[in-house]
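Per-entry structural report
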Amino acid sequence: MTAPQDIRVLVVEDDPVAADAHMMYVQRVPGFKAVGKAHTAAEARRTLDRVPIDLLLLDLHLPDGHGLALARSLRAAGHHADVIAVTSARDLAVVREGVSLGVVQYVLKPFTFATLRDRLVRYSEFRTTAGEASGQDEVDRALATLRAPSPAELPKGLSAPTLDRVIRTLRSAAGGLTAAAAAESVGISRITARRYLEHLVTTGRANRSPQYGQVGRPELHYRWLHGS
């Protein structure tokens, strides 16, 4: 039996550092192959004209046009690659417009490897659906594979907005930080900050290690795990 072919992905991202990171993320997901990157809409069109592409990982803000305009022109030219949109925009009107242009998922920046991996795996599962549905339930199940799961419930006393602020603070601290430093940056108590940091450790998104200060007492430092 012939092994299924990897899903061929073109990364379209104007930031070279982000483009390299997204290429690396795609390569880490079994069943996917990053076949190239483009930094502009024009470069993406040229690549699609010469290389078979199944999926675009498409930044919506490109230096020579909007990503949805690129998707629209590709449809008009007969390209049928699906699109996972990557954007920092939260405009739901853009989301609605993208549905008609083959945008099957949206990933908001900044995102972790785990977030993109989940979207890619769901897309892969959706692509494998074939045959004739036995009824409405089967159609609904096929479409549901594209939807992200509901966010996991946080431990009692923790809130999603505060967790997001703690995550941003931790990710921006290249050398890691203490609960006291996180508390000062986020505007919460040290005890509360430590609860959020420990939650990130428990869920595998951060690690902690003791560091000794001048008085010889260890102080816990937390670091964001890259690729989490």
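Let me begin by describing the structure that accompanies this report. (Residues numbered from 1 in each chain as written. Predicted model: local features only at pLDDT ≥ 70, side-chain atom pairs only at ≥ 80, totals over all residues. Heavy atoms only, no water.)

**So, the packing of helix α7 (residues 160-172) against helix α8 (residues 179-186)**
Where α7 contacts α8, the two axes come as close as 10 Å, and the packing angle between them is 120 degrees. In this structure, α7 crosses over α8, and the sense of that crossing is right-handed. Contacts between α7 and α8 involve Thr 162, Arg 165, Val 166 and Thr 169 from the former and Ala 182, Ser 185 and Val 186 from the latter. Class assignment of the residues belonging to the contact of α7 with α8 gives a composition of 3 nonpolar, 3 polar and 1 charged. (Axes fitted to C-alpha atoms, helices over the stretch in contact; angles between N-to-C directions. Helix = DSSP H or I, 4+ residues; strand = E, 2+ residues; numbered from the N terminus. Left-handed = near helix turned anticlockwise from the far one by under 90°. Contact = heavy atoms within 4.5 Å. Nonpolar A, V, L, I, M, F, W, Y, C, P; charged D, E, K, R; others polar.)

**Some thoughts on the sheet that holds strand β7 (residues 103-108)**
Sheet architecture is open: 5 strands sit in the order β2-β1-β3-β6-β7, paired in parallel fashion. Every interior strand has two partners, whereas the edge strands, β2 (32-38) and β7, have only one. Here the strands of the sheet are splayed against their neighbours by 20 degrees on average, with no regard to which way each runs. Judged from the 4 bridges that link them, strand β1 (residues 7-12) and strand β3 (residues 55-59) form a sheet pairing that is parallel. When the bridges of β3 are listed, Val 9 appears paired with Leu 55. With respect to the sheet, helix α1 (residues 16-27) is in contact with β1, β2, β3 and β6 (82-87), its orientation differing from that of β2 by roughly 165 degrees. Along the sheet, helix α3 (residues 67-76) makes contact with β1, β3, β6 and β7, crossing β3 at roughly 150 degrees. (Pairing = 2+ DSSP bridges.)

**Section: α7**
Between its terminal C-alpha atoms α7 stretches 18 Å, which fits the 18 Å expected from 13 residues at 1.5 Å a residue. Inspection of α7 places Thr 162, Leu 163, Val 166, Ile 167, Thr 169 and Leu 170 among the buried residues, and these make up the whole buried set. For α7, the angular spread of the buried residues around the axis is 165 degrees, confining them to a single face. Residues Pro 161, Arg 168 and Ser 172 are exposed on α7 and point more than 90 degrees away from its buried face. (Expected span 1.5 Å × (residues − 1). Buried < 20%, exposed > 50% of the residue type's maximum accessible area, 1.4 Å probe, protein only. Arc of directions from axis to C-beta.)

**Description of the pattern of salt bridges**
Under the criterion given, the structure shown has 7 salt bridges. With a closest N to O distance of 3.2 Å, Asp 118 and Arg 122 form a salt bridge. In this pair, Asp 118 and Arg 122 are both assigned in helix α5 (residues 113-127), 4 residues apart and thus about one turn of the helix distant. For Arg 122, a relative accessible area of 17% corresponds to the buried category. Between Glu 198 and Arg 208 there is a salt bridge, with its nearest N and O atoms 2.6 Å apart. (Salt bridge = Lys/Arg side-chain N within 4 Å of Asp/Glu carboxyl O.)

**Details of the packing of α8 against helix α9 (residues 190-202)**
Two elements in contact, α8 and α9, have axes whose closest approach is 8 Å; the angle formed by their N-to-C orientations is 105 degrees. By the angle between their axes, α8 is roughly perpendicular relative to α9. Between α8 and α9, the residues in contact are Ala 179, Ala 180, Ala 182 and Ala 183 and Arg 190, Ala 193, Arg 194 and Leu 197, respectively. Tallied by class, residues from the contact of α8 with α9 come to 6 nonpolar, no polar and 2 charged. (Parallel < 35°, antiparallel > 145°, perpendicular 65-115°, else oblique.)

**Description of the environment of Ala 181**
As for its placement among the helices and strands, Ala 181 is situated in helix α8. For the pair Ala 181 and Leu 170, spaced 11 residues apart in the sequence, the C-alpha separation amounts to 9.7 Å.

**What to know about the side chain of Thr 162**
Relative to the helices and strands, Thr 162 is located in helix α7. Those residues in contact with Thr 162, other than ones at most four positions away along the chain, are Val 186, Ile 188 and Tyr 196.

**Overview of the pairing of β2**
Direction of pairing for β1 relative to β2: parallel, over a ladder of 6 bridges. Each residue of the ladder has a partner; that of Leu 10, found in β2, is Gly 36. In this region the chain leaves β1, passes through α1 and returns to the parallel neighbour β2; the handedness of that crossover is right-handed. (Right-handed = clockwise from strand over helix to strand, strands pointing away.)

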